[in-house]
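Results of the structural survey
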Amino acid sequence: HMTLQMNGAYYDEDDKNIFYIVSFLLGQALSVDRKTGQSKVVLKGLVNPHGFIQTPDGRAVTDTAHGRVVWLNKRNQKIRVLYFSGAAKDESMHRIEWLQHTSYLGDGVYATIDSVRYGVWLFNLNRKIKRFIPIDPDTSYQEIIRDLRTNLKRLDRTGGRTTDPE
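So, here's what we can say about the structure. Only a predicted model underlies this, so the values are computations on that prediction, with no experimental measurement involved. (Residues numbered from 1 in each chain as written. Predicted model: local features only at pLDDT ≥ 70, side-chain atom pairs only at ≥ 80, totals over all residues. Heavy atoms only, no water.)

**A closer look at the nonpolar core**
Where we set the bar: The definition of a nonpolar core used throughout is a set of buried Ala, Val, Leu, Ile, Met, Phe, Trp, Tyr and Cys residues joined through side-chain atoms within 4.5 Å. Classification of residues uses two cut-offs on accessible area relative to the type maximum, computed with a 1.4 Å probe and protein chains only: under 20% is buried, over 50% is exposed, and between them is partly exposed. Numbered from the N terminus, helices here are DSSP runs of H or I no shorter than four residues, and strands are runs of E no shorter than two. Whether two residues are in contact is decided by their heavy atoms: any pair within 4.5 Å suffices.
Judged by nonpolar contacts, the single largest core of 13 residues is most densely connected at Trp71, Phe84 and Phe123. Every element with two or more residues in this core is listed here: β7 (68-73) and β11 (119-124). Not counting residues within four places of it along the chain, the set of residues in contact with Trp71 comprises Thr55, Arg59, Ala60, Gln77, Lys78, Ile79, Arg80, Leu82, Tyr110, Phe123 and Leu125.

Here it is in structure tokens:
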């Protein structure tokens, strides 16, 4: 038996017999049929992935050590990749990338924790808005969770440090 070390799992909203997992050690995202136990590799070649999430268009996985987020459609075909590896960072971290997790917050807004740059990227892919919010370097965040009381339309307002990851 091989150890998976899962770093994310969820049930498919369209088919409750299928759930999706991401394996940190194998560098793969998989779909698993609950009835048969059969699994299929949905995405491979990832390095230390975290967080496989459902999105309005399908799903997304955080490819942690590659410094990118990969989106798949509902047929598990790659439709978009967003790289953060080009963004400025401390010189001592020049060879390291570590995106902890990407969350879908609603209204087209995503949040990705960037442990190397000590912050959170907020972005809306459709509106092409990105904002970087610094966090205390002495803290370690795992995931951003949506507070339903929050008005997410504030992303396009000025304030804080805005940085483009590409």
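Now that the structure has been shown, the text picks up again.
**Overview of the sheet that holds strand β12 (residues 129-134)**
Sheets are built from strands paired through backbone hydrogen bonds, the pairs being either parallel or antiparallel. The cut-off we apply is this: When DSSP finds two or more bridges between a pair of strands, those strands are recorded as paired. Here the axes come from fitting lines to C-alpha atoms, over the contacting stretch only for helices, and the angles between their N-to-C directions go from 0 to 180 degrees.
The 4 strands are arranged β9-β10-β11-β12 in an open sheet whose pairing can be described as antiparallel. Edge positions in the sheet fall to β9 (99-106) and β12, since each has one partner strand and no second. Taken over all neighbouring pairs, the strand axes of this sheet differ in orientation by 20° on average, direction set aside. Where β11 and β12 come together, 6 bridges link them in antiparallel fashion. By the bridge assignment for β12, Leu122 is matched with Arg131.

**Focus on the sheet that holds strand β6 (residues 58-63)**
Across the sheet, which stays open at both edges, the 4 strands sit in the order β5-β6-β7-β8 with antiparallel pairing between neighbours. The open sheet terminates on both sides in strands that have one partner only, identified here as β5 (50-55) and β8 (78-83). For this sheet, the mean angle separating the axes of adjacent strands, direction not counted, is 20°.

**Considerations on the pairing of β11**
Within β11, 6 of the 6 residues are buried, which leaves it mostly tucked inside the rest of the structure. Going residue by residue along β11, you find Gly119, Trp121 and Phe123 tucked away on one face and Val120, Leu122 and Asn124 tucked away on the opposite face as well. Direction of pairing for strand β10 (residues 109-114) relative to β11: antiparallel, over a ladder of 6 bridges. Paired with Ala111 across the strands is Leu122, a residue of β11. Hairpin connection of β10 to β11: 4 residues between the antiparallel strands, including Tyr118 at a positive phi of 55°. Between the end of β11 and the start of β12, which pair antiparallel, lie 4 residues, with Lys128 showing a positive phi angle near 55°.

**A look at unusual backbone geometry**
Here Asn48, not a glycine, exhibits a phi torsion of approximately 55°, which is positive. Within the element layout of this structure, Asn48 appears in the loop between β4 (39-43) and β5. A residue is classified by how much of its surface remains accessible, and Asn48, at 23% relative accessible area, is partly exposed. One non-glycine residue, Lys128, adopts positive backbone phi at about 55°. By the secondary structure assignment, Lys128 is in the loop between β11 and β12.

**Some remarks on the pattern of salt bridges**
Threshold: The salt bridge definition used is simple: a Lys or Arg side-chain nitrogen within 4 Å of an Asp or Glu carboxyl oxygen.
The full count for this structure, using the stated rule, is 6 salt bridges. A salt bridge links Lys89 to Glu97; the shortest N-O distance between them is 2.7 Å. Look at Glu97 and you get buried, because its relative accessible area is 8%. We note a salt bridge from Glu97 to Arg117, for which the minimum N-O separation is 3.0 Å. On the criterion of sequence distance, the pair formed by Glu97 in the loop between β8 and β9 and Arg117 in the loop between β10 and β11 is long-range, its members being 20 residues apart. Each of Lys89, Glu97, Asp114 and Arg117 takes part in one network of salt bridges that share partners.

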